[in-house]
Structure formats: C-alpha cells, structure tokens
Amino acid sequence: MSMSKELLMPPQPSISPLARQAARNLHQLELISGTPGWDNWFFRQNFWCTRGMMAVTPDEAAVWLPAIALAVSREDVPDVLVELARWPLPEPLPPEALPWRDRLIQVWEQYPAATDWETSLRLFALVRLDRRMERLPEWLTEARRALDLEPPNCHLRLAALAGWRPRPGACPPHMGSTGLVPGADMMRVANGLLPAWLRFWEELYQVPTMEGVIAAAALLHLAEGGWFPGGFSRERLREEFRRRVRHRFTVPEDWHALRILLSSIPAGSPAPGHLRQDVRKWLQLTRQPVDPVKREAVWGMLVSWQQEGILERSGRGRLREPPLLLPDLARALEWERDSDVLQSMAGYVPGAAEVSAHPEAARAVVAWWQTLSHGDAWRVRLAAWVARWNLWRARIMTDREQAQFDRDYTAAVGTESNGMVLAALAQTGPPGSFPLTAWVRRLSDGDDACRLAAGLAMHRWLGEVMEGANGEWEGRPAGRPYEQRVASSELPLATHQYGQFPELPLRLAITRRQMRQALRRAGQDIGDGTVAPFVNLPPEVLPDFRRLREIETALAAGHLPLPPDTGTGNRLASCAVSARLPEAHPRTDRTGITGRMAGSESTTRHPFHETVCHK
C-alpha cells in the first residue's frame, strides 16, 4: 500500500491550478507521443485542429503553451506547423504563463526552417508572440527580403509579417482622444523604429496588387494599436481592406496568405454603429456564391472576434445592440457542407443576448449540428461533434438536447470508425457519465488511430479521477467538462485475479473512503464493499503520477521539465517522449542542419533516442 500512498500523494500547495493544468496537458502529450498512430502527421494535424476549434477561456488557452512548445520543437510537417503557429495567445497573459510564452518564442526562434513556407510560418508565429518594438528592424529586414521572392512565397512572407502590432499598453501616454498619434510624437516615442516600418507599408498600400491588400492589413493593425500617423481613419482602412479582399485572393496560390491575414485581423474598438456595419459587410463574404476558402477565412475571423467578446462590447462599454450572428449561422448551416468552412464555424458560440433574442435560431443551430454529426463525411462529423460540445459547454442546449447529445456521444464512441473523429470525441467528452466500458473496448481496436484516441480519453479521465481522489475536485475551474463522471456500475470490482499484471493492486488500489469521496463529488455513488477500480485496464493507459508531479514542479518554476528517468516509474515511462525541449531540432544535429536541408531526407526522428522505445 506504500506505493499507492506515494501515487496518491497530494500535490504541493505552492503549485497553482494554472500550472497544474498545464502540467496535465504536457504530460498528456508525452504519453500519446510514444503511441503508435501519433507518427502519422495527419493525425497530429487533426489533433491540433480539433483543439483549435474548441471554444476555451483565455486561461485554458494559456495552459497549452508548454505543450505547444514541445510539439513545435519536434514537428517537421508544415501542415501541422500551421495549426501550431496560429494557436491563440490570450491578452493579457497570466503572470505565471509569461515564462511559457517566452519559451515558446525561443522554440520558434530556433526552429530550422527548411523551406520558404516554413520560414513564413516561423515568422508568422514570432510576430504574433513577440510584439516588442525592438524586433521591428528584424521584421523590416525580412519584409524587404520578401519582395525579392516569387509569388506565392512573397505574399505568404508579407502576410506573416503584416500581423505585427504593439502590445497592449505600449501606446504613449500622450495619445489623443481619437487614438491616433501625431507623426512627430510617434517618431520620438518609437526612437526612429516605427517610421521606417510605416513607410514600407504605406508605399506598398499604393500598389493595386496583392501586396497592396496585405499592406492595408498591416496599416490596420497599427491603426488599431494607436500608432498610425493619420491620413486614414480606422473605418476607412477597414472598408478598403474588406473591398480588396472581396476582389482578390482568386487563385489557390494565395489562399494560405488569406487565411494568415484574416486569422490575425483585430476587431478593435470602433463605435457601435461602425462595428455592426462592419460585421454585416463581412457576412456578405460568407454567402453561397463566394469561394469556400473566403467563407472559411471570414468565419474564422468572426469566430475569433466572438470568442474574445468583441462582438458584445466596444471601447465605450457594452453595445446597446450587439451584432447578432446567430440567425446567419442557422441559415448557413442549412446549405454549407464544405468541411473546412464548417470547421471554422464550429467554434462560434452565441452569447446569452443572441440566444435570448433568437431562441428559434438557437434551436435550429443545435439541431443542424446534431444532424451533421451523423453525416457521411468524417471531417464534417468531426466539426459537428466539436460544435455540439461547444454549445453544451456554453449552456446553450436545453435539457432534452443535452440528453440527446449524451446518448449520441456514447453511441459514437462504440461505433465511430474514423480515428480522427474518435480523437475529437476523446478530447471533448460527454455531458453525462464517462462511458468507461465503451472506451475500454476501443483500446483493442485494430486501427492505430482509434486505439490512440481511446488511450487519450482514458488518460484524461483517469487523471481527473485520481486528482479528485486527492481532494482537488472542488478546485476544478468552473465550466470545465465533467470527464471524470462515471456510472458506478462501470467500475470494476475488487478481485484477486489480476491476470498478467500482478503489480496493479499495489499501484492502483485506492481506499474506499477516497473513492467514495471522488465519486460523490462527481455526482455518483457506490454501494457497499471494498472497491479497487481500474484493475482491469492495461498498464499503457495508466498515467505516471510521479512524472506528473515532476512536470508540475518544473512549470511552476517557469521552465520545462527534464526528461523522465527510464529506470523508475510505470511501464509507460520507457515509451514516453521527453518533455524537455531538445538542444537541437530533430531535423538538425549539433553542428547544424542535417542532410534534408541540403536536399536529402533526415533520418532523425526523436531528439532523445535513449528515452524512446521503438516497437
């Protein structure tokens, strides 16, 4: 029982809930990274795409920064890097998350970009993460070099750099009431750095080509930050940028640039009337005749504005008549079947004012997402499941709709044949009891992706239950899904027959009092008799809680943990990928870029060969 007491040792009280959740996310990534199926880049892309669709709070986005840093340090597929580069960065960040952001910046700085596309992604991430004025000379140099590239690489590079704007609070104290700074004052404040940046984009703005569209976005970023010297109002810049977007981006080569541009366009704080008018005009680009790529990018922009609360407030306080997109969303779901567009729409969660003003549209949105979750196209089903989870979590569903969602979720866990959709179900969770039996069956699935999804679901749920047994249940952040709920009938009863894992009773036994306490807090209860749950589960789904405590301690101190000791811990430790960021990216050796940079494919897969068990 000493082993059990060690595993259930309460966490250190100095570790905040934010650091503890960040440790769980990083530990989860360690566990699944050593699992067959994760080496499939398509699975990794959809994993991060799913996480991007999930409507989360600013703190919930911040606690993924350490895991994002680890993922970037090990990733060499551009399609996956895109999802990592556009991870939302809350503003302002919680103080304890600042070292995590700085570490992520360092990872992107050291990333060995092998192509122009990867270089643009690297700059796109850095411009969003590091908004210090001191970086402007570097960004300006990169922007001038971009003009020497051929399209579409030139447009991609410029679009990545156009998203720079000063950090909140960086505006000078003498800023006028209009929010615009006179040119002389601005030059004095920026110490000569900003004028050159402004001149570069002002010159491009006059060009009636794609470069001019990108320049309009760059100037809009500066104007919203209060650093534009005049000549154009913010409203005029917004109107001109939207007009140019409507008539440009007609060839596939420029679609990546469009996505990058609109993913970072700020809503700012215009007057209420201007905001409503701006939103209505953008919605015209989501109509059926418009190209699907534009529909996808515009919906993604509107969803980001809504998640930031911009559509319900302005710089002058709450809007008397906030823009209501719920009826437009309901009408769009009647005909939209493009999977990329639906994935952008899945993150839209209507506010209370919208639901109150348009209850019929709210019910229609819930019904359409329910229908789409049973469709034939797997990417549409994936988007629909995440959308239903978002609506349930925001308490948009009625009791009847929630019960239907719970039944559909449990049925889908047992019948879903696509591993990507199953992974989305594992990342979200049901509104009711955790379907333990259904997930356990999927652990023996013949498909690697399905087994990985089942293991992911089990890791998350077991971690929550064990933390609940340690008395942390009442400290769970409000609004988080109740993954730890499980029907008491699904808990395996204690038995002396432990099959091929005789050490499990020693490691997993939990006292009856602790388990009853955890289940009672989860809204469940158990009958009489000694309970030793989870004894029938294979060891590869069992979290290593000692390793979790190591990660918590490291993150609380502001750095990422050292690699796990392969000589201790559970069986999974020998297969887990280290959470320590490598000294060199897998694509590089200690002396520089490997053969892939010179034209050959690198054979290096893991930065720490001694900690990886190749099966």
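Since the structure is predicted, the reported quantities are computational estimates derived from the model, not experimental observations.

1. Considerations on the packing of helix 10 (residues 153-161) against helix 15 (residues 255-264)
- Two numbers describe how helix 10 lies on helix 15: the axes approach to 9 Å, and their chain directions differ by 5 degrees. The angle between helix 10 and helix 15 falls in the class roughly parallel. On helix 15, the residues touching His155, Leu156, Ala159 and Ala160 of helix 10 are His256, Ala257, Ile260 and Leu261.

2. Here we look at the side chain of Arg135
- Note on placement: Arg135 falls in the loop between helix 8 (116-129) and helix 9 (136-146).
- By relative accessible area, which is 7% here, Arg135 ends up buried.
- Side chain to side chain, Arg135 and Glu109 meet in a polar contact 2.7 Å long.
- Within polar-contact distance, the side chain of Arg135 engages the side chain of Asp130 at 2.6 Å.
- Among all residues touching Arg135, those that are not within four sequence positions of it are Glu109 and Asp130.

3. Comments concerning the packing of aromatic side chains
- Tallying each qualifying case throughout the model produces 15 aromatic pairs.
- Judged by centre distance (6.4 Å) and plane angle (85 degrees), the ring pair of Trp48 and Trp87 falls under edge-to-face. With Trp48 in helix 3 (residues 41-53) and Trp87 in the loop between helix 6 (78-85) and helix 7 (98-109), this pair connects stretches of sequence that are 39 residues apart.
- Between Trp64 and Trp87, the ring centres sit 6.4 Å apart and the planes meet at 55 degrees, which makes this aromatic pair tilted. With a gap of 23 residues between them, Trp64 in the loop between helix 4 (58-62) and helix 5 (65-74) and Trp87 in the loop between helix 6 and helix 7 connect regions that are remote in the sequence.
- For Trp64, a relative accessible area of 4% translates into the label buried.
- Note on Trp87: relative accessible area 8%, which makes it buried.
- Members of the aromatic cluster, connected to one another through ring pairs, are Trp38, Phe43, Phe47, Trp48, Trp64 and Trp87.
- In this arrangement the basic side chain of Arg244 is found over the ring face of Tyr205, its NZ or CZ atom lying 4.4 Å from the centre.

4. Remarks on unusual backbone geometry
- The omega angle of the peptide bond from Glu91 to Pro92 is -5 degrees, so this bond is cis rather than trans.
- Going from Pro151 to Pro152, the amide bond is cis rather than trans, its omega being 5 degrees.
- As for its position among the elements, Pro152 is in the loop between helix 9 and helix 10.
- Within the chain, Arg395 stands out as a residue other than glycine whose phi angle is a positive 65 degrees.
- With respect to the helices and strands, Arg395 occurs in the loop between helix 22 (378-393) and helix 23 (399-415).
- Judged by its relative accessible area of 75%, Arg395 is exposed.

Calculation criteria
- Residues numbered from 1 in each chain as written.
- Predicted model: local features only at pLDDT ≥ 70, side-chain atom pairs only at ≥ 80, totals over all residues.
- Heavy atoms only, no water.
- Axes fitted to C-alpha atoms, helices over the stretch in contact; angles between N-to-C directions.
- Helix = DSSP H or I, 4+ residues; strand = E, 2+ residues; numbered from the N terminus.
- Parallel < 35°, antiparallel > 145°, perpendicular 65-115°, else oblique.
- Contact = heavy atoms within 4.5 Å.
- Buried < 20%, exposed > 50% of the residue type's maximum accessible area, 1.4 Å probe, protein only.
- Polar contact = N/O pair within 3.5 Å; in protein donor to acceptor, adjacent residues only side chain to side chain.
- Phe/Tyr/Trp six-rings, centres within 6.5 Å; stacked < 30°, edge-to-face > 60°.
- Lys NZ or Arg CZ within 6 Å of the ring centre and 35° of its normal.

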